[in-house]
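# Observations on chain architecture
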Amino acid sequence: MKQILTLAFLALLAGSGCNNGTHGKDTGTTQQITAAETETRSTSGGHWKGSFSNGLKGAKISFDVDGKELKELTFQGYWRCSGKLELTTLGPKEGFAIKGNQVDGIIKEQGFYFELHGNFSGNKASGTLRIAFVAGGCDTYKLNWTAEKA
């Protein structure tokens, strides 16, 4: 019983100390969350999954957002290699920078070319992706994607 009263007393003290005696008056120190901060928070982390509206049916895109970086981009689907369709799963080791609610970048790794553009809006994102491997004559061509936070 003594512990409960002590905890209740401490809670009352903590509650009254938070407003510094203003009793509900706005002191002007309240922080407002801007629309940009809301967008950044919604894209600040997590795993995303999506699909493509053009190209071959069944292709998938996935990636992780970690702070201001899009990482672990993965394309799963068919691309054309020397005139033939080949099923592949690939993505760059490097990540893409996110600025505001946009990602725009090109990564060149070991003969592969990854071009990604996109916009985030809450828990949804959309953009374009192109992956090419010049030495192998392989290309996804420009694909339009949409994704949602998983």
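Please refer to the structure placed before this passage.
Our subject in this report is the structure included herewith. Counting starts from 1 at the beginning of each chain's written sequence and moves along it residue by residue. For a predicted model such as this one, the threshold for reporting local features is a pLDDT of at least 70, and the threshold for listing and counting side-chain atom pairs is 80 or more; totals across whole chains, interfaces and linings nevertheless cover every residue. Hydrogens are left out, water is left out, and the side-chain values use all remaining heavy atoms of the structure.

Right, let's get into the pattern of salt bridges. Where side chains of opposite charge bring their charged atoms close, a pairing between them can arise. A carboxyl oxygen of Asp or Glu within 4 Å of a side-chain nitrogen of Lys or Arg is what we treat as a salt bridge. Tallied over the full model, the rule gives 3 salt bridges. Across the salt bridge formed by Asp66 and Lys71, the nearest N and O atoms sit 3.1 Å from each other. Any residue under 20% of the maximum accessible area for its type is buried, any over 50% is exposed, and the rest in between are partly exposed; the area is computed with a 1.4 Å probe on protein chains only. Under the relative-accessibility criterion, Asp66 is labelled partly exposed at 46%. Among the ionic pairs, Lys124 bridges to Glu148, the shortest N-O distance being 3.9 Å. A residue pair is termed long-range when its members are at least 10 positions apart, and Lys124 in strand 8 (residues 124–133) and Glu148 in strand 10 (residues 143–149) qualify at 24 residues. Only DSSP runs of H or I with at least four residues qualify as helices, and only runs of E with at least two residues qualify as strands; both kinds are numbered from the N terminus onward.

What counts as a ring pair is set by centres within 6.5 Å for rings of Phe, Tyr and Trp (its six-membered ring), and what kind of pair is set by the plane angle: stacked under 30 degrees, edge-to-face over 60, tilted for all other angles. With the rule as written, the count across this model stands at 8 aromatic pairs. Seen in terms of ring centroids, Phe52 and Phe75 are 5.7 Å apart; in terms of plane orientation they differ by 65°. Their pairing is edge-to-face. Pair noted here: Phe52 is in strand 1 (residues 45–52) and Phe75 is in strand 3 (residues 69–81), with a separation of 23 residues, a long-range link. A single burial state applies to Phe52 and to Phe75, both of which are buried. Seen in terms of ring centroids, Phe112 and Phe114 are 6.0 Å apart; in terms of plane orientation they differ by 20°. Their pairing is stacked.

Here we take up the side chain of Asp139. On the secondary structure map, Asp139 appears in strand 9 (residues 138–139). At 2.4 Å, the side chain of Asp139 and the side chain of Arg130 are in polar contact. Any pair of N or O atoms that falls within 3.5 Å is considered a polar contact. Within protein, one atom must be able to donate a hydrogen and the other to accept it, and sequence-neighbouring residues count only if both atoms are side-chain atoms. A polar contact of 2.6 Å, which involves the side chain of Asp139, links it to the backbone nitrogen of Tyr141. Residues contacting Asp139, with those up to four places away along its chain left out, are Trp79, Arg80, Arg130, Ile131 and Ala132. By the convention used here, residues are in contact when the closest approach between their heavy atoms is within 4.5 Å.

All right, on to the state of the cysteines then. For the purposes of this analysis, a disulfide is any pair of cysteine sulfur atoms at a distance within 2.5 Å. Per the counting criterion, the structure on display carries 1 disulfide. The disulfide that involves Cys81 links it to Cys138, with 2.1 Å between the sulfurs. Disulfide Cys81-Cys138: the torsion about the S-S bond is 120°, which places it as right-handed. Of the two residues, Cys81 sits in strand 3 while Cys138 sits in strand 9, which places them 57 residues apart along the sequence. The exposure class assigned to Cys81 is buried, which follows from its relative accessible area of 4%. Residue class for Cys138 comes out buried when judged on its relative accessible area of 10%.

This paragraph deals with the nonpolar core. Residues enter a nonpolar core if they are buried and are Ala, Val, Leu, Ile, Met, Phe, Trp, Tyr or Cys, with the set joined through side-chain atoms within 4.5 Å. Among the nonpolar cores identified, the biggest contains 26 residues, and Phe63, Leu70, Phe120, Leu129 and Trp145 are the most heavily contacted of them. If one sorts the elements of this core by residue count, strand 3 sits on top with 5 residues.

Before going further, it helps to examine the side chain of Thr88. Here Thr88 shows up in strand 4 (residues 84–90). Setting aside residues up to four positions removed in sequence, Thr88 forms contacts with Phe75, Gln76, Gly77 and Trp79.

Phi is mostly negative for residues that are not glycine, and the peptide bonds are mostly trans. Of note, the phi angle at Ser82 is positive, near 50°, even though the residue is not glycine. Here Ser82 lies in the loop between strand 3 and strand 4. Backbone geometry at Gln110 places phi at a positive 45°, although glycine is not the residue there. Gln110 gets classed as exposed once you look at its relative accessible area, which sits at 71%.

So, to be careful, I would describe these as geometric facts and stop short of saying anything about function.
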